[in-house]
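Structure assessment
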Amino acid sequence: MFWQGLSEEHSRQLSEHGFESIKRRQALRYFTWRWKWSATFRSEQLRYLLSHRHPGEWVHAWRSNDLSGDEWGDLEWSKLERHFYCFAVRLLWAYAEDHGDREVLDLPEPLTGGPIPVHEAGRLISQDLANSSIEVEAMRRALDGQPPRSILEVGAGYGRTAYSLLGIFPDATYTIIDIEPAISISRWYLTQLFDEDRLRFLAPTEVDQIDDHSVDLAVSISSLQEMTADQVAKYLQLFDRVACGGAVFLKQWKSWRNDQDDVTMRFEEYPIPRRWLPRFVERAPVQTRFVQAAYVVPS
Ligand SMILES: C[S@@+](CC[C@H](N)C(=O)[O-])C[C@H]1O[C@@H](n2cnc3c(N)ncnc32)[C@H](O)[C@@H]1O
């Protein structure tokens, strides 16, 4: 129900605006946060960033950015909101420079999909690359330094995590399981950036096509909480089957209330298979209302 409603809204946006502006439309319903000045003190992310960066960096992050150029296109945000968004992304980027994965931060932010134009040190930076770098740092801890050759992601949004992992692990292949319209969006995005033979896109009904023991890293970021308990259990069982001998990385809301389906999902209630060996289960940095956890799945 929950995603059915959102999917219809996203499909309407796609027919109105096309794919070229997915990073400033659909992405804002996936994992790109629309930071507003008026919500600064209610936002746990902004409080976290302000308390983890030196005031000298606040001043540096506040300096001006080009707010009226063509790059902003038809984004209906006031100048103040644009300015504040740049400030927050620069603070996040500074945090990621200290705590995130360097190789991810060194990847260029693709112009594909119309990124929101935030610049730092002469380059385009983005909230999504910064968040991915922080998540990849945690995934590397789970992988014990082993580069994964086969990655599976459930609920990939437009493909921000896939972009980072395919970029830093050039020998890896990537399978996405998702529903419409996200699966069409990530297919559109990723097939422009990577060889098609590294990519596979599956509907939830096609998961039997994934071989047992074939995945080194299975990932779900902010996707399980919007499913029914039965769907969550099926995806965790899928990970158990296909990522045997590999690692699982989960980053989900600690608690999420889905009014439409009358369900509250709590991280600690997920039916994690007992045989999985936890590497860590911890409060996520920045998005502190999320839990991030990694497990080794014994063969
Ligand atoms: C909040 S978005 C997160 C996107 C992405 N993980 C990220 O961090 O950018 C949730 C994702 O879960 C997907 N999703 C929802 N229900 C699903 C289902 N039953 N099976 C697979 N994916 C699903 C949505 O289509 C969307 O891609």
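The structure contained in this document is the topic of the report that follows.

1. A look at the pairing of strand 3 (residues 150-154)
- Most of strand 3 is tucked away, with five of its five residues classed as buried.
- Neither face of strand 3 is open: one carries Ser-150, Leu-152 and Val-154, the other Ile-151 and Glu-153, and all of them are buried.
- Bridge analysis of strand 3 against strand 4 (residues 173-177) gives five bridges, and the strand direction is parallel. Bridging from a neighbouring strand, Ser-150 pairs with Thr-173 of strand 4.
- For the segment spanning strand 3, helix 7 (residues 160-168) and strand 4, crossover handedness is right-handed.
- The pairing of strand 3 with strand 6 (residues 217-221) spans three bridges and is classified as parallel. Among the inter-strand pairings, Ile-151 is bridged to a residue of strand 6, identified as Leu-217.

2. Some words on the packing of helix 6 (residues 127-143) against helix 7
- Between helix 6 and helix 7, the least distance of the axes is 10 Å, while the angle of their chain directions is 60°. The orientation of helix 6 with respect to helix 7, classified from their angle, is oblique. Crossing handedness for the pair helix 6 and helix 7: right-handed. Of helix 7, the residues touching helix 6 (which contributes Asp-128, Leu-129, Asn-131, Ser-132, Glu-135, Val-136, Met-139 and Arg-140) are Arg-160, Thr-161, Tyr-163, Ser-164, Leu-165 and Ile-168.
- Residue classes in the contact of helix 6 with helix 7 are distributed as six nonpolar, four polar and four charged.

3. Digging into the environment of Arg-34
- You can see Arg-34 is positioned in the loop between helix 1 (2-17) and helix 2 (44-52).
- For the pair Arg-34 and Leu-277, spaced 243 residues apart in sequence, the C-alpha to C-alpha distance is 36 Å.
- Leave out the neighbours within four places in its chain, and Arg-34 touches Leu-28, Glu-76, Trp-77 and Glu-81.
- Polar side-chain contacts of Arg-34 include one of 2.6 Å to the side chain of Glu-81.

4. With respect to the side chain of Glu-81
- Position of Glu-81 among the secondary structure elements: in helix 4 (residues 79-99).
- Discounting chain neighbours no more than four positions away, the residues touching Glu-81 are Arg-34, Trp-35 and Lys-36.

5. Considerations on the site of the ligand
- Near the ligand there are 22 residues, and of these Gly-155, Gly-157, Asp-178, Ile-221 and Tyr-235 occur at the shortest range.
- Between an oxygen atom of the ligand and a main-chain N or O atom of Gly-157, the distance comes to 2.9 Å.
- One of the backbone N or O atoms of Ile-221 is found 2.8 Å from a nitrogen atom in the ligand.
- Taken together, the residues that form the shell around the ligand break down as twelve nonpolar, five polar and five charged.
- Viewed by domain, the shell around the ligand spans two of them, domain 1 (16-131) and domain 2 (133-296), each represented by three or more residues.

6. Remarks on the sheet that holds strand 4
- Here we have seven strands laid out as an open sheet, ordered 5-4-3-6-7-11-10, and mixed in their pairing. A strand with exactly one partner marks an edge of an open sheet, and here the two such strands are strand 5 (199-202) and strand 10 (277-283). Across the sheet, the mean angle separating the axes of adjacent strands is 15° when strand polarity is ignored.
- Against the sheet, helix 7 engages strand 3, strand 4, strand 5 and strand 6, with an angle of about 170° to strand 4.

7. Description of the packing of aromatic side chains
- Counted by the stated rule, this structure contains 17 aromatic pairs.
- Between Trp-253 and Trp-256, the ring centres sit 5.5 Å apart and the planes meet at 35°, which makes this aromatic pair tilted. With respect to class, Trp-253 is no different from Trp-256; both count as buried.
- Judged by centre distance (5.4 Å) and plane angle (75°), the rings of Phe-267 and Tyr-270 are edge-to-face. Of the two residues, Phe-267 and Tyr-270, both sit in the buried class.
- We note Arg-141 situated over the ring of Phe-280; from NZ or CZ to the ring centre the distance is 4.3 Å.

8. Some points on unusual backbone geometry
- That bond from Glu-180 to Pro-181 is cis: its omega, 0°, falls within 30 degrees of zero.
- Not every positive phi belongs to a glycine, and Asp-144 is a case in point at roughly 55°.
- Topologically, Asp-144 is positioned in the loop between helix 6 and strand 3.
- You can call Asp-144 exposed: its relative accessible area is 56%.
- At Ser-222, a position not held by glycine, the phi torsion is positive, near 50°.

Thresholds, definitions, all that
All residue numbers refer to positions counted from 1 along the written sequence of the respective chain. Two thresholds apply to this predicted model, a pLDDT of at least 70 for residue-level local features and 80 or more for giving and counting side-chain atom pairs, whereas whole-chain, interface and lining totals are computed over all residues. Side-chain measures here rest on the full set of heavy atoms in the structure, leaving out hydrogens and waters. Per-residue accessibility, obtained with a 1.4 Å probe over protein chains only, is compared with the maximum for each type, and a residue is labelled buried under 20%, exposed over 50%, and partly exposed between these values. Think of it this way: any DSSP run of H or I at least four residues long counts as a helix, any run of E at least two long counts as a strand, and we number them from the N terminus. Paired strands, as defined in this entry, are two strands with at least two bridges between them according to DSSP. Seen with its strands pointing away from the viewer, a crossover is right-handed if its path from the first strand over the helix to the second goes clockwise. Here an axis means a line fitted to C-alpha atoms, over the contact stretch when the element is a helix, while the angle between two N-to-C directions is reported on a 0 to 180 degree scale. Reported orientations rely on four angle classes, namely roughly parallel under 35 degrees, roughly antiparallel over 145, roughly perpendicular from 65 to 115, and oblique for the rest. In this scheme the handedness of a crossing depends on how the near helix is turned from the far one: anticlockwise by less than a right angle means left-handed, clockwise means right-handed. Only heavy atoms matter for contacts: two residues are in contact if any of them lie within 4.5 Å across the pair. All residues other than Ala, Val, Leu, Ile, Met, Phe, Trp, Tyr, Cys, Pro, Asp, Glu, Lys and Arg, Gly among them, are scored as polar; the first ten of these are nonpolar and the last four charged. Polar contacts, as used here, are pairs of N or O atoms within 3.5 Å; protein pairs need one atom able to donate a hydrogen and one able to accept it. Residues neighboring in sequence count only if both atoms are side-chain atoms. We define proximity as follows: a residue is near a molecule or strand when any one of its heavy atoms falls within 4 Å of that partner. Start and end points for every domain follow an automatic or database-based domain assignment. Think of it this way: a Phe, Tyr or Trp ring, Trp meaning its six-membered ring, pairs with another when their centres are within 6.5 Å, and the plane angle makes it stacked under 30 degrees, edge-to-face over 60, tilted otherwise. The criterion for a charge sitting over a ring is simple: Lys NZ or Arg CZ within 6 Å of the ring centre, and within 35 degrees of the ring normal.

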